[in-house]
Amino acid sequence: MSHELATLFATGFGYLLVLFLVAYATDRGLVPAHWAAHPITYTLSIGVYATSWTYYGSVGFAANNGLLFLTIYIGATLTFVLSPVLLKPILALCREYQLSSLADLLAFRYRSQVAGVLVTLFMLLGTLPYIALQIRAVTESLRVLSNEVPSNTIALVFCATLILFGVLFGARHISPREKHRGLVVAMAFESLVKLIALLLIGSYALFQVLGGPSELGVWLKDHPQAVEALYRPVNESPWSALVFLSFAAAFLLPRQFHMIFAENLDAKALRTATWAFPGYLLMLNISIPVILWAGQSLELGIDPDYYVLGITVANGPSWLSLLAFIGGLSAASAMVIVTSIALASMSLNHLLLPASYPDPAMNLYRWILWGRRLLIGLIIMAGDGFYAGLKHSQGLVELGLISFVAVAQFLPGIAGLLYWRRATRSGFIIGLLGGICVWSVLLLAPILYGSGILITDLGVPQLVAASGMDKWAFATFSTLTVNG
């Protein structure tokens, strides 16, 4: 069953409005304070880690790489298992010295404004593919549900809507260091929405499309290649590199750092997140194989990335396909909103204020507030520009992994922060610059070449082939070797 674009847009806007009302009600004290400060609310807010990559891309990744799709969540689980020696010390530093971003943290450790500027600039560049991923996922989902080809205007309208809500969520007040209780509760709410949507779609796939567990067993017996396709890539691909990248991304991505550290209301809540967040990720992924098999059994003629929508459109009820759309929109919009808020605060502190401090006669607070709002808009529109310039030959997961390799470049700096007192300012800056250069050559240049922006791919495919390593393993090894 297809839907009109106008219906889908109204549904999406209505959902985002509900999300804002949840935040507004919390800030106005209409939601009990102990709900906002509850460890489970905090844990669910960290669920912003699960974007449209998880919601849509996990099925596509499983179709092409089998159980390797789980590595993205195994690495994040490892991050929280190591919380006492990794996350807890960082949280203590952030709370004691009122540090609100990774750039603040590393500039503080290495006593360098240049370090803060470099971290901010690279974080902006490295996050653009991830923002483009969310925009692409939403626009493609509209195509699947409406059988119409969304134009770039649809992406522009989506971005404009997100700018509005990004400003309402995170730029209504002046200080970037104050806690946004409304944002925390809203992100917890959206985490529940996408979890419920995936569980319902998975149940529909199992009981309605596949006919229940017993019929699924029969189908798998008749299609042994479906099970084999899940297990075979584990022995053939670099699962360790993917686990490592997701380990780094789980706390270094701008939205993750913001929700784990900057928005933490109670340090004790991190203890609950240590076990509850891995449990949340497990529940999100239970439905992925079933949805994949349901899509294969229906022989959907669409990209496996969008089987979550395709199985509901094929013969499902109208409300379920709308719920599937809302789940994907929720995952994508939450990522863009929180990321833009985090990057705007980082850019204000390390780029805008040092470069253009306002005239003393000007109202400083008002200047800062409008500066943050402007930065939120510029960041989201930069993501839209990256999306518009791409030839969409990459899968959703590939775009996300480019950003994962980018944020992994900050791990040596974190090691120097926590456990290597002899790490120096110059060593950190030179290493990070080297990692940025190698990342740009190995991962950014081929995308720009494929989109017709560069006239050469710099021989990267041949270099990767000669190494005998997988693309992501080679990029991870090369960037961190130079960086370290």
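If you're wondering where the values come from, they're calculated on a predicted model, not measured in any experiment.

I'd like to hear about helix H5 (residues 71-81), residue by residue, with values.
Note: α-helices contain 3.6 residues per turn, so residues at a spacing of three or four share the same orientation. Turning to H5, its buried residues number three or more, namely Thr71, Ile72, Tyr73, Gly75, Ala76, Thr79 and Phe80. Buried residues along H5 sit against helix H4 (52-65), helix H6 (87-97), helix H13 (239-252), helix H14 (254-262), helix H15 (269-285) and helix H20 (396-408).

Quick one: what's the story with the layout of surface pockets, residue by residue and with numbers?
Approximately 220 Å³ is the volume attributed to the second largest pocket. In terms of lining, the second largest pocket is formed by 14 residues, of which the most central are Leu8, Phe9, Leu142, Val157 and Phe158. Looking at the lining of the second largest pocket, the elements with two or more residues in it are helix H1 (5-27), helix H8 (113-146), helix H9 (152-170) and helix H18 (318-355). No other element matches the six residues that H1 contributes to the lining of the second largest pocket.

So what about the environment of leucine 124? Which residues, and what values?
Along the polypeptide, leucine 124 turns up in helix H8. Taking C-alpha positions, leucine 124 is 24 Å from isoleucine 455, a pair spaced 331 residues apart along the chain. Other than its neighbours up to four places away in sequence, leucine 124 contacts Leu343, Ser347, Leu351 and Ile379.

Could you give an account of the nonpolar core, naming the residues involved and the relevant values?
Counting residues in hydrophobic clusters, the biggest one holds 175 residues, and the most contacted among them are Ile90, Leu102, Leu105, Phe169, Phe404, Phe410 and Ile414. Per-element accounting of this core gives the leading share, 20 residues, to H18. Those residues in contact with phenylalanine 169 that lie beyond four places of it in its chain are Leu19, Phe20, Ala23, His180, Leu183, Ala186, Ile337 and Ile341.

Kindly report on the pattern of salt bridges, identifying the contributing residues and their values.
Per the stated rule, a full pass over the model turns up three salt bridges. In this structure, glutamate 190 engages lysine 194 in a salt bridge whose closest nitrogen and oxygen atoms are separated by 2.7 Å. With a gap of four residues between them, glutamate 190 and lysine 194 both fall in helix H10 (residues 181-209), about one helical turn apart. Note on accessibility: glutamate 190 and lysine 194 belong to one class, buried.

Break down the packing of aromatic side chains for me, citing the residues and quoting the values.
Tallied over the entire structure, the rule returns 16 aromatic pairs. For the pair phenylalanine 80 and phenylalanine 277, a centre-to-centre distance of 4.7 Å together with 45° between the ring planes defines the contact as tilted. Highlighted residues: phenylalanine 80 in helix H5 and phenylalanine 277 in helix H15, separated in sequence by 197 residues. An aromatic cluster is built from Phe9, Phe13 and Phe165, whose rings are joined through pairwise contacts. If you follow arginine 111 out to its NZ or CZ, it ends over the ring of phenylalanine 108, 4.8 Å from the centre. Here the guanidinium or amino end of arginine 373 rests over the ring plane of tryptophan 370, the centre of that ring lying 4.6 Å away.

Residues and numbers for a nonpolar patch on the surface, please.
A grouping of Phe9, Phe13, Leu17, Leu21, Val157 and Leu164 is seen on the molecular surface, where their side chains present a nonpolar patch of about 490 Å² in accessible area. Among the secondary structure elements, those contributing two or more residues to the nonpolar patch are H1 and H9. Ranked by residue count, the leading element in the nonpolar patch is H1, at four residues. Relative to the assigned elements, phenylalanine 13 resides in helix H1.

Lay out unusual backbone geometry with the relevant residues and their values.
Phi at glutamine 98 is positive, roughly 55°, even though this residue is not glycine. If you trace the backbone, glutamine 98 turns up in the loop between H6 and helix H7 (102-110). Residue class for glutamine 98 comes out exposed when judged on its relative accessible area of 55%.

Before we move on, can you summarise the packing of H20 against helix H24 (residues 471-483) with the specific residues and values?
When two helices pack together, their arrangement is captured by the angle between the axes and the distance separating the axes. Interhelical geometry of H20 versus H24 gives an angle of 20° and a closest axis separation of 10 Å. In terms of their interaxial angle, H20 and H24 are classed as roughly parallel. Both H20 and H24 take part in a crossing whose hand is right-handed. Contacts between H20 and H24 involve Glu398, Leu401, Ile402, Val405 and Ala408 from the former and Lys471, Trp472, Ala475, Thr476, Thr479 and Leu480 from the latter. Taken together, the residues that form the contact of H20 with H24 break down as seven nonpolar, two polar and two charged.

Outline the side chain of aspartate 384, listing residues and values.
Turning to its location among the elements, aspartate 384 is positioned in helix H19 (residues 364-389). Here aspartate 384 occupies a buried position and makes no salt bridge, while the nearest side chain of opposite charge, arginine 136, is found at 12 Å. With residues near it in sequence (within four places) discarded, aspartate 384 still touches Ile135, Ala155, Leu156 and Cys159.

About the thresholds
Residues numbered from 1 in each chain as written. Predicted model: local features only at pLDDT ≥ 70, side-chain atom pairs only at ≥ 80, totals over all residues. Heavy atoms only, no water. Buried < 20%, exposed > 50% of the residue type's maximum accessible area, 1.4 Å probe, protein only. Helix = DSSP H or I, 4+ residues; strand = E, 2+ residues; numbered from the N terminus. Contact = heavy atoms within 4.5 Å. 1 Å grid on protein atoms, 1.4 Å probe; cavity = no way out; pocket = protein on both sides within 12 Å on 5 of 7 lines; lining within 4 Å. Points joined across faces, edges and corners; volume = space filled by probe spheres on them. Core = buried A, V, L, I, M, F, W, Y, C linked by side-chain atoms within 4.5 Å. Salt bridge = Lys/Arg side-chain N within 4 Å of Asp/Glu carboxyl O. Phe/Tyr/Trp six-rings, centres within 6.5 Å; stacked < 30°, edge-to-face > 60°. Lys NZ or Arg CZ within 6 Å of the ring centre and 35° of its normal. Patch = residues over 30% accessible without salt bridge, like charges linked within 9 Å, V, L, I, M, F, W, Y side chains within 5 Å. Areas by Shrake-Rupley, 256 points an atom, 1.4 Å probe, with all protein chains shown as cover. Axes fitted to C-alpha atoms, helices over the stretch in contact; angles between N-to-C directions. Parallel < 35°, antiparallel > 145°, perpendicular 65-115°, else oblique. Left-handed = near helix turned anticlockwise from the far one by under 90°. Nonpolar A, V, L, I, M, F, W, Y, C, P; charged D, E, K, R; others polar. Lys, Arg positive; Asp, Glu negative; His and termini not counted.

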